[in-house]
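Coordinate analysis (summary)
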Amino acid sequence: MSAYQYPIHIANIRIQNEDKIRTSVAYIHGLLEEEGLNLHHSRNENEMMTLGRTSEVLSVVCARLRDTGLYDGVSIEIDKLDSQDSNDNVGDNKVQLNITLDEKKWYKLYVGAGVKQQGFGMGMSESSQLGALPKAQFEASANVSNIRGNTDVTAISYTIDQASVPTFVLSHDAPAKISIEDMEHASWRCIVDTTDYELARSYKEYHRSLSYRLSNSRSPSPFLCDAPWRSLEWTAKWRDIQPCRFPNAPFACDASPNIISEAGPSLKHSLSFDYKMNGVNLDNRITPTRGFDMSVGAEIAGPPGDVGFFKASNALSIHFPLINSLGLCFHASFSSGFARNISFGGTCNRTLPISDRYFVGGPLNLRGFQASGIGPRAKENPGAPGGDSLGGEIFYTSLLMASVPFPTTKLKESGARLMGFVNMGTLTGW
């Protein structure tokens, strides 16, 4: 019998400096049992875990604790049982776990400046529809961690940009008390923000939102997650559309009648699901040359909000080499979505609000077109150059592309590639 097949019985768990760390013993025990470790001290060899399997479980637990970002160091060692720590007689199969956690400070403060992310919480493709230039901002944030002992993090931030537009975010992240399959991480978010759509749609949207999300990762965004992302999110969002005004006549709207008719507040109450493969089947997540990627999403909104609809979208991409000697690769992608208004017997709007429609165009969405550059546009008193973009309920985009490595050595080694592409797409209503 090899050492990895040797059955062991965990008779004791010792946490170094237990009285000086914030992480609770109950949380550590729960994490070990959640990964399949038997902590019930079974003496039946058939019920014991092997040394190899126990080592694998402990490696996973260490990785999960490190991924929280709350520890400078995490180690769990299998050691001989100290008879002083157990009421049982010391046996050949009995071991103890020595757990050492080097915790970071319980607080973090930051004051400084940066560049504002327009459309807080939007994906990259959605935020590219704004067409807005980056804005400088002043930032102040603080967070406290592991106060409850279960790797929880509570954060608050306040920013104000050069146009004196403030953004306030309050969040709380912790392991979920009630999980769905592997969606075991819970996040609360309270956001007050203003999104600038003036360049493409001649209005700003002021919103306050409260959301609760279950996900399979602690990452605040799916784009920061290295594994497939799954999330289920409930959102209540109060929105107020404010059309542009003339500088010399502040009571007159500098927007099309279509936008002015959408002005005013609305309440969206919705439930959404997202799944993203996040490049796990690609050879390189940034510049892939082989593999495929996929994402799907769905959202339903209804009472007690005054907005009702169902939306679904998907995206698929494939990549494969054509001529290995030249490094020539072929790439193809396709994305689509539809939205359907639901009035719920007249309790919700009978048309889909502009805030919930699709917009297509821009470098991360449909290359060669301006942000929100295709689809229905206002014709009367157009507002934005070319007419205010009014969005649509059905869209698709497709892309065919070929790429080769850069001829220069430094750029070639960095993974940068020369690309030629052709793309097409459409955006319309029912």
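Cut-offs and rules
Residues numbered from 1 in each chain as written. Predicted model: local features only at pLDDT ≥ 70, side-chain atom pairs only at ≥ 80, totals over all residues. Heavy atoms only, no water. Helix = DSSP H or I, 4+ residues; strand = E, 2+ residues; numbered from the N terminus. Buried < 20%, exposed > 50% of the residue type's maximum accessible area, 1.4 Å probe, protein only. Polar contact = N/O pair within 3.5 Å; in protein donor to acceptor, adjacent residues only side chain to side chain. Phe/Tyr/Trp six-rings, centres within 6.5 Å; stacked < 30°, edge-to-face > 60°. Contact = heavy atoms within 4.5 Å. Disulfide = S-S within 2.5 Å. Core = buried A, V, L, I, M, F, W, Y, C linked by side-chain atoms within 4.5 Å. Salt bridge = Lys/Arg side-chain N within 4 Å of Asp/Glu carboxyl O. Arc of directions from axis to C-beta.

Description of the side chain of N12
Here N12 lies in strand β1 (residues 7–15). The exposure class of N12 is buried, given its relative accessible area of 15%. A polar contact of 3.3 Å, which involves the side chain of N12, links it to the side chain of Q96.

With respect to the packing of aromatic side chains
Inspection of every chain in the model, using the stated rule, returns nine aromatic pairs. A ring pair is formed by F334 and Y396, whose centres lie 6.2 Å apart and whose planes are at 25 degrees; its orientation type is stacked. Here Y396 lies in strand β18 (residues 394–405) and F334 lies in strand β17 (residues 328–341), a separation of 62 residues in the sequence. Given a relative accessible area of 39%, F334 falls into the partly exposed group. Ring pairing ties together the aromatic residues F310, F338 and W430, which thus form one cluster.

A word on the environment of L101
With respect to the helices, strands and loops of the structure, L101 is situated in strand β4 (residues 94–103). Between the C-alpha atom of L101 and that of S270, which follows or precedes it by 169 residues, the distance is 40 Å. Apart from the residues within four sequence positions on either side, L101 is in contact with I21, T23, I28, L65, Y71, G73 and V74.

Examining the state of the cysteines
Tallied over the full model, the rule gives zero disulfides. Looking at the unpaired C62, the closest cysteine sulfur is the one in C225, lying at 20 Å. C244 supplies the cysteine sulfur nearest to C253, a cysteine that is in no disulfide, at a spacing of 8.9 Å.

Points about the nonpolar core
Residues L32, L37 and L65 are the most contacted members of the largest nonpolar core, which totals 26 residues. Those elements giving two or more residues to this core turn out to be β1, α1 (25–34), α2 (51–67), β3 (71–80) and β4. In terms of residue count, α2 provides more of this core than any other element does, five residues in total. With near-sequence residues (within four places) excluded, L32 lies in contact with I13, L37, L39, V57, L58, V61, L97 and I99. Ranked by size, the runner-up nonpolar core spans eleven residues in total, among them A301, F309, L352 and L366.

Considering the pattern of salt bridges
Scanning the entire structure with this criterion turns up twelve salt bridges. The closest approach of N and O atoms between D173 and R189, which form a salt bridge, is 3.3 Å. Of the two residues, D173 sits in strand β8 (residues 166–180) while R189 sits in strand β9 (residues 183–196), which places them 16 residues apart along the sequence. Each member of the pair D173 and R189 is classed as buried. Across the pair R285 and D226 runs a salt bridge, and its minimum N-O distance is 3.4 Å.

A look at α1
All of the buried residues along α1 are Y27, I28, L31 and L32. For α1, the buried positions fall inside an angular range of 135 degrees around the axis, keeping them on one side. Where α1 is buried, its residues touch β1, α2, β4 and β8. Phi turns positive one or two residues past the end of α1, at G36, with a value near 100 degrees.

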